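A structural walkthrough
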Amino acid sequence: MQRIDYPGLGMAVCTAALPNGLAVYVAPRPGWRKCRAAFVTNYGGADRRFSLDGEAHDTPAGVAHYLEHKMFDMPYGSADDQFSARGASANAYTSEAVTSYHFTCTGRFEENLRTLLQFVSTPYFTPETVAKERGIIGQEIAEDEDDPSWACYLRCLRLLYGDGVLGSSVLGTAASIADITDKTLCACHKAFYAPANMVLCVAGDVDPEAVERIALEVLPGAKAPLPERDWGQDPGLEPAETREERTMDVAAPLFCAGIKLGSAGTGPDGLTARLTAELALRCLWGRSAPAYLDLYEKGLLNDSFRFEAAYAAGVGHITLEGESADPEAALAALLAAAERDMDPAFFQRQKKALYGGFVRMLDDFFELTETLAEGHFAGFDPLDVPAALDKIAPADVTAWVREHIVPARAALAVVRPKEDK
Amino acid sequence: MQRTRKELFPGVFLTCLRTDKFRTGLLSLHLVTQLTAGTASQNALIPSVLRRGTVSAPDMAALAARLDGLYGARIEPSVRKLGELQCVGFTADFVEVLGQDQLGAVASLLGEMLLAPNTRGGLLLPGYVEGEKQKLIEDIRARMNDRAEYAQLRLVELMCPGEDYAVDALGTEEEARSVGYVALTRHYRALLASAPIEIFYCGAADPAAVASAMTDALAALPRGELDGDIGTDIRMNTVEEAPRVFTEELDVGQGKLAVGYRLGEAMEEPDMAALRVMDALFGGVWPSKLTANVRERLSLCYYVYSELDLMKGIMTVSSGIDPADYEKALAEIGRQLQAVKDGDITEGEMNVARAAVSTRMLALTDDAAALEKFWLGQDLLGLDYGPEELAALAEDVTAADVAKAAAGVACDAVYFLHGGEEEDAED
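Remember, predicted model here, so these are calculated numbers, not experimental data.

It is worth spelling out the overall build of chain B at this point. For chain B, the helix and strand inventory stands at 15 helices and 13 strands. Rg of the C-alpha trace for chain B: 23 Å, near the compact-globule value of 22 Å for 427 residues, within the 12% margin. Seen along its three principal axes, the alpha-carbon backbone of chain B occupies a region of about 60 × 55 × 40 Å. By the burial criterion, 58% of the 427 residues in chain B qualify as buried. Excluding contacts between residues fewer than 6 apart, the proportion of contacts in chain B whose partners are at least 24 apart in sequence is 80%. Across chain B, the 39 positively charged side chains and the 68 negatively charged ones have centroids separated by 4 Å.

It is worth spelling out the domain arrangement of chain B at this point. Residues and elements named next belong to chain B. Here chain B is described as being made up of domain 1 (2-217) and domain 2 (244-418). Measuring from the centre of the C-alpha atoms in domain 1 to the corresponding centre in domain 2 gives 29 Å. Contact with domain 1, which involves 34 residues of that partner, is made by 40 residues of domain 2. Overall, the association of domain 1 and domain 2 removes approximately 3,000 Å² of surface from exposure, summing both partners, and the carbon and sulfur fraction of that is 67%. In this structure, the connection of domain 1 to domain 2 is made through eight salt bridges. A salt bridge links Arg3 to Asp379; the nearest nitrogen and oxygen atoms lie 2.9 Å apart. Classifying every residue of the side of domain 1 that touches domain 2 gives 19 nonpolar, six polar and nine charged.

Residue and element names in this part refer to chain A. The domain architecture assigned to chain A consists of domain 1 (2-230) and domain 2 (243-420). The gap between the C-alpha centroids of domain 1 and domain 2 is 27 Å. For the pair domain 1 and domain 2, the two sides together bury roughly 3,400 Å², of which 74% comes from carbon and sulfur. With a shortest N-O distance of 3.1 Å, Glu370 and Arg36 are connected by a salt bridge. At the junction of domain 1 with domain 2, the criterion picks out 11 residue pairs in polar contact (both at pLDDT 80 or more).

To continue, consider the pattern of salt bridges. Overall, the coordinates contain 50 salt bridges over all chains when judged by the stated rule. As a salt-bridge pair, Glu328 of chain A and Arg243 of chain A come within 2.6 Å of each other at their nearest N and O atoms. You can see Glu328 of chain A sitting in helix α10 (residues 327-336) and its partner Arg243 of chain A sitting in strand β13 (residues 243-248), a full 85 residues away along the chain. Note on Glu328 of chain A: relative accessible area 39%, which makes it partly exposed. A salt bridge links Lys328 of chain B to Asp325 of chain B; the shortest N-O distance between them is 3.8 Å. Connected through salt bridges with shared partners, the residues Glu84, Glu163, Arg244, Arg262, Lys312 and Asp412 of chain B form a single ionic network.

Residue and element names in this part refer to chain B. Sheet architecture is open: five strands sit in the order β9-β13-β10-β12-β11, paired in mixed fashion. The open sheet is flanked by β9 (244-249) and β11 (301-309), the only strands paired with a single partner. Neighbouring strand axes in the sheet, compared pairwise and without regard to direction, differ in orientation by 15° on average. Note: β9 against strand β13 (residues 410-418), six bridges, orientation parallel. Its bridge partner being in β13, Arg244 is matched across the sheet by Ala413.

Procedures and definitions
- Residues numbered from 1 in each chain as written.
- Chains lettered and ligands numbered in written order.
- Predicted model: local features only at pLDDT ≥ 70, side-chain atom pairs only at ≥ 80, totals over all residues.
- Heavy atoms only, no water.
- Helix = DSSP H or I, 4+ residues; strand = E, 2+ residues; numbered from the N terminus.
- Rg over C-alpha atoms; globule rule 2.2 N^0.38 Å.
- Buried < 20%, exposed > 50% of the residue type's maximum accessible area, 1.4 Å probe, protein only.
- Contact = heavy atoms within 4.5 Å.
- Lys, Arg positive; Asp, Glu negative; His and termini not counted.
- Charge placed at Lys NZ, Arg CZ, Asp CG, Glu CD.
- Domains from an automatic or database assignment.
- Buried area = accessible area lost by both parts, 1.4 Å probe.
- Salt bridge = Lys/Arg side-chain N within 4 Å of Asp/Glu carboxyl O.
- Nonpolar A, V, L, I, M, F, W, Y, C, P; charged D, E, K, R; others polar.
- Polar contact = N/O pair within 3.5 Å; in protein donor to acceptor, adjacent residues only side chain to side chain.
- Pairing = 2+ DSSP bridges.
- Axes fitted to C-alpha atoms, helices over the stretch in contact; angles between N-to-C directions.

Below, the structure written as structure tokens:
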């Protein structure tokens, strides 16, 4: 394994590329009780159309997530039972871009790692077990639909992307998951769960060589061909639609605004682009930003306000979510912040604060392992933040803001209380 | 990890966990007071108002600039309910690897927030109080947005009438609305003088240095007669013989079921390890009797779990179900509790529950924020054993101990939040 030291961060990462194409990252953390391993496939809710070995597949919304639920089934029962018998807790999640299987334990790490690698690489589905899961996922979908913030977020994505692959929930709908069978799941597993499409990230007081050895032992040795993805036509930089309102049982109006970003690119430039965006958003709308403080004092935003940039299916977008008596006015003021000039001292403080947040992330094993995976799929070293951040100048951030934060790229979904209507 | 505890001023205790493991330090300070209707909203409002500005950093922009300059250190208002105690104050975290004295700067700013807010004529600024009051009202009203948590909140309110436990940590909208800046200033000063204070630090600094930084930061703390009459009343039996059932309607598709239990005789001399393993086995972890049966075997829900409040002696179960399955789910939850009481427990289930509690406790030692919550609870209960000891105790719990811990558990109330009869489809 190759060891990369980060003296400024007081840590190292050991990495290897296995012959079957799997990438392995281990962040050894001496003295920590807890270990976390994440086995992540570059396959998420957006990867619905693909071809493999010349055969084209068009799968319904929600397949990646459905597959995630069913992966835990093994001929011996549920993989969950193996983890829990050892006191470990395993779980998984599906995003637009990836599906991540992970466990946390405080002992018997190597056995748990074997179980993780085995169950994620073993498709074991029967028509009965696949059908049975529909009730559980149906309740998960129902739960999401009742959650006003989530419902608002999904409507915002719909405004941004319309019928595109990013325009609907990762969970799919009751109708879209109705026809999912064991065969659908098998085809998707074969296409996207090959080691060459995956990454294994570990943090904890573990032996990196042992992680590599176990991965070599458990996973198939051959390098399987990768599928070709089809995300449909380029969604462009303008939202499909710009406004939507609905009513729900909520106390005050909730909003989710979206802004399309286009691609952030890959490789070291991809890291710089993501960091520039993060710093820019912090300068525009962070807890110290004049626009936020102004809206806070006017009572148009409260501390439920949050924003983030997300990247999937070759594009990116920002979401801004919160509660506001007047979402239109709040969004207008937030967008107008893009026209303000940046105070250099303020800019430097935001850089410092962003760096502090990055250092904080290193002690959070969930964030750390997921960040390593994200960096791997995007082709950059996500721990190279200090150096990359250092190179970003105020002019870079200003230019980024002027290019991206424009009203023509924005959409706004609002959930209003019922009596408002 | 070395733990020390020291009284800095009368009723002001500092708990320190020294460790080199983390890259960030954590510092918190809580005023501890009785959670009662009539004062809960006032108490909850205090840290947010104090967080608006201090003598040397008079508004949020100045405070934000100060914190950003400390590598994005955070000092956030904290309002918690622990049993029938309300803890209000601040939690701070800050980068420690950079070899700078962040601790001193953060401790000093935290002390200033607590003791030297931006005032006029000795009174908290009316604008700050009004602004934060509106936000508190928004927060209270927004409780309904998280349907599952709202069902829990309503369950507790309805289950415990006449007990302080029924009061939410934020109080009520009516109470929040009635707060004025003059009365709030008076309340704040009285609280400063009378409330016991718990300070917690976890990080690389020497406990003596932390004690010194906090002693300096709190030098101006007024101390009067301390409020010694605070605590949690544990009700052993149910309010009525049969569980009370409450249903409410909200425009939701999925029904939210919340079931409340009194732990009963197990609270007389609580065996904390056995109670935690009992909860884990019943529904507190994955997998448990509840997940194996309500979710996996009957496919009735996506989530179902149980939770303990060991200060109050209450257990709750929470689940999201199709309203049509209400009877079925409730019956199954009851059946699984009965199985625990009957000792109908496999060795496999025991292993899972013991290991889960033990892992949870050990993993806590890697998480400064979780350690802070854990030790605040222990300190308030007067217990001085740590997560490692609890993990070891959990390993020795037997099925008989679990059945014994569950023996007196009695269902006191059932709350169901649902969408009502067939919704009219106009939207």
